[in-house]
Every structure is written in structure tokens, then in C-alpha cells.
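Structural characterization, general
Spelled out, the chains give:
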Amino acid sequence: MRTYCLVIDDDNQKGYFEKEIKEVLDKDRIDLVPIYIETKDRIYMKSDYSGFDKSLIEKDCIKAIKDHNCSIVVSDYKIATDNDGFNGLDILNSISNEYPQLYKVLYSGGDIEKAIKKIHSSLSEKIPTDKRKLNDVQITDAIKQLKKMACINELIKGKGYAETVIKYLRCSPLILQQTFLSQFKEDYPEMFFQSCYTPFKGWKLKAVAEEIEKKTPRGGDFQQALISQVVAYLIETNKDEDE
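Summary of the structure given here. (Residues numbered from 1 in each chain as written. Predicted model: local features only at pLDDT ≥ 70, side-chain atom pairs only at ≥ 80, totals over all residues. Heavy atoms only, no water.)

A closer look at the overall build of the protein
Counting its regular elements, the protein contains 9 helices and 5 strands. Written out in order from the N terminus, the α and β elements of the protein read β-α-β-α-β-α-β-α-α-β-α-α-α-α. Residue burial in the protein is summarised as follows: out of 243 residues, 39% are buried. Long-range contacts, defined here as pairs at least 24 residues apart, represent 67% of the contacts in the protein between residues at least 6 apart. With an accessible surface of roughly 14700 Å², the protein has 52% of that area assigned to carbon and sulfur atoms. (Helix = DSSP H or I, 4+ residues; strand = E, 2+ residues; numbered from the N terminus. Buried < 20%, exposed > 50% of the residue type's maximum accessible area, 1.4 Å probe, protein only. Contact = heavy atoms within 4.5 Å. Areas by Shrake-Rupley, 256 points an atom, 1.4 Å probe, with all protein chains shown as cover.)

Have a look at this one:
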């Protein structure tokens, strides 16, 4: 079964990923394909060469996730220079705006403490230390900061993210869903949907898969309808056998 992992780092991670993750998962028959975003690549330089462009990196990350239906994202904390004013946490926050349920891992050496302190400091600034009640603006700002903290599923010290990726993929229900969606998007993208769920009648299977990925109400209802019909089919089949 094939799935994809987005790897965001300023250094080349290919050797580490191949040996520590891909070769291990191959034994479990999980074909994990890495998509690398090397943030200090010249394609991410600003037009005036004054530094790296955060928006270009974000754009490529979002595109990679959409194109490959990635099941997990891992990012180094320090992915640019201090003068650039952004880090891996910022990129993961941007990804969370588009894909809030996607599993995200942030790793770094000594910089991991900086990441935690930055989030904590930002949250503390929104909450007064005395006993005054929070006003609406302070509550909203505090919730935004809490969401930023919640978007990271794992904080890893050093480059030891391999164990986390392997553990997650070995037990992730997303793998099964992605196998299902990949058949819609890659194997039968132009096939038209004709039955099972009326709101999608006449849609191409690729469009149906994208509704599921976006977690729209229709996408959720379709999955529930599909499960109900499969259960009904299994019950009916077993009844016939019992008789």
C-alpha cells in the first residue's frame, strides 16, 4: 500500500529517510514515498535575493499535500536564516489552515526549546497575569495561540523523527482511507459516479475523492452511506448463507 510523507528541511534528508524510515516500512509492505521541500533551494529565494520567501515554500507544501494526498508532514524547526523571520512551526501552522487533521511532526536540536518558548510566550502575552476577566479580543487571541499549539502532533528533539513516523503509519486509519481515495483519483479519475449516494450522481470519482479529503459535510455523509450499504450487504449475504 502506497502513501506519501512531506519532508520540510533546509538540509537534504534523502539518505536518512531512505535508511531509517522507508526501508523499515517496506518490510511491513507500506510503500512510503517522501516528497522533499528543501527550503534553502534557490527556487525559494526572494526576487531581490534578500532572503527566502515563506509564501513560496507554503505554496509548494500545500500543492504537494493536495497532489499526493500526504498522510503525514515532518518539518525541521530551523528551515531558514534568522533574518528571514520564519521557521518550520510557521509553515506547519499555515498547512493546518488548509489541512487541520493532517498529522504533523516538528523536530529540531536545541531549537526545539525555542519553539516551545515562542508558543508559550505568545500565549502568555494574550492572558493578563492579574485576576481581570479576559475581554472578547483576548479570548479570541488566546484561542488562536492554543490552536497553533494543538496543530503539532509531536515535538521531537533532534532528528529522531523516524520512530514517530513509523509508529504512526503502522497504525493509522488514514492509510486505508488513502488507498480508497487513490483508486478514485489515480485509477478511475474520469469515471462518473452513478449510484449509492444521490448528491454525487454524475460527479467524476476524482471530484468525489476531493470532497472526502476536504472533509465537507457531503463527503462525510457519503462515507457514512457507503459504510451503511456495505454493512447491509454483508448482513444480507450472511443471511443467505445461513439459510
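That was the structure; now back to the text.
Some thoughts on the pairing of strand β4 (residues 103-108)
The buried count for β4 comes to 6 of 6 residues, which makes it a mostly enclosed element. Of the two faces of β4, the one lined by Tyr103, Val105 and Tyr107 and the one lined by Lys104, Leu106 and Ser108 are each fully buried. Of the pairings in the sheet, the one linking strand β3 (residues 72-76) to β4 comprises 5 bridges and is parallel in character. Among the inter-strand pairings, Val73 is bridged to a residue of β4, identified as Lys104. The β-α-β motif built from β3, the intervening helix α3 (residues 88-98) and the parallel element β4 has right-handed crossover chirality. (Pairing = 2+ DSSP bridges. Right-handed = clockwise from strand over helix to strand, strands pointing away.)

So, the nonpolar core
Ranked by internal contacts, the top residues of the largest apolar core, which has 25 residues, are Leu6, Ile8, Cys61, Val73, Ile91 and Ile95. When near neighbours in sequence (up to four residues on either side) are disregarded, Ile8 contacts Ile37, Thr39, Cys61, Val73, Val74, Ser75, Asp76, Ile79, Ile91, Ile95 and Tyr107. Counting 19 residues, the second-largest nonpolar core is a separate cluster that includes Ile21, Leu25, Tyr103 and Ala162. (Core = buried A, V, L, I, M, F, W, Y, C linked by side-chain atoms within 4.5 Å.)

Comments concerning the pattern of salt bridges
Inspection of the entire model under this criterion finds 8 salt bridges. Of the charged contacts, one joins Asp10 and Lys40 as a salt bridge, the two residues approaching to 3.5 Å between their closest N and O atoms. Of this pair, Asp10 sits in the loop between β1 (2-9) and α1 (14-26) while Lys40 is found in the loop between β2 (31-38) and α2 (54-68), placing the two residues 30 residues apart along the sequence. Taking relative accessible area as the criterion, Asp10 reaches 17% and is therefore assigned buried. (Salt bridge = Lys/Arg side-chain N within 4 Å of Asp/Glu carboxyl O.)

What about the packing of α2 against α3?
Between two packed helices, what matters for the description is the angle formed by their axes and the separation of those axes. The geometry of α2 relative to α3 is characterised by a closest axis approach of 10 Å and an angle of 45° between their N-to-C directions. The orientation of α2 relative to α3 falls into the category oblique. Note that α2 runs across α3; the crossing there is right-handed. Of the residues in α3, those touching α2 at Lys54, Ile57, Glu58, Cys61, Ile62 and Ile65 are Asp90, Ile91, Ser94, Ile95 and Glu98. A per-class count over the contact of α2 with α3 returns 6 nonpolar, 1 polar and 4 charged. (Axes fitted to C-alpha atoms, helices over the stretch in contact; angles between N-to-C directions. Parallel < 35°, antiparallel > 145°, perpendicular 65-115°, else oblique. Left-handed = near helix turned anticlockwise from the far one by under 90°. Nonpolar A, V, L, I, M, F, W, Y, C, P; charged D, E, K, R; others polar.)

Looking at the packing of α1 against helix α6 (residues 162-171)
With their axes 10 Å apart at the nearest point, α1 and α6 run at an angle of 25° to one another. Relative to α6, α1 is oriented roughly parallel. Read as a crossing pair, α1 and α6 show a hand that is right-handed. Across the interface between the two elements, Tyr16, Glu20, Ile21, Val24 and Leu25 of α1 pack against Ala162, Val165, Ile166, Leu169 and Arg170 of α6. Partitioning the contact of α1 with α6 into residue classes produces 8 nonpolar, no polar and 2 charged.

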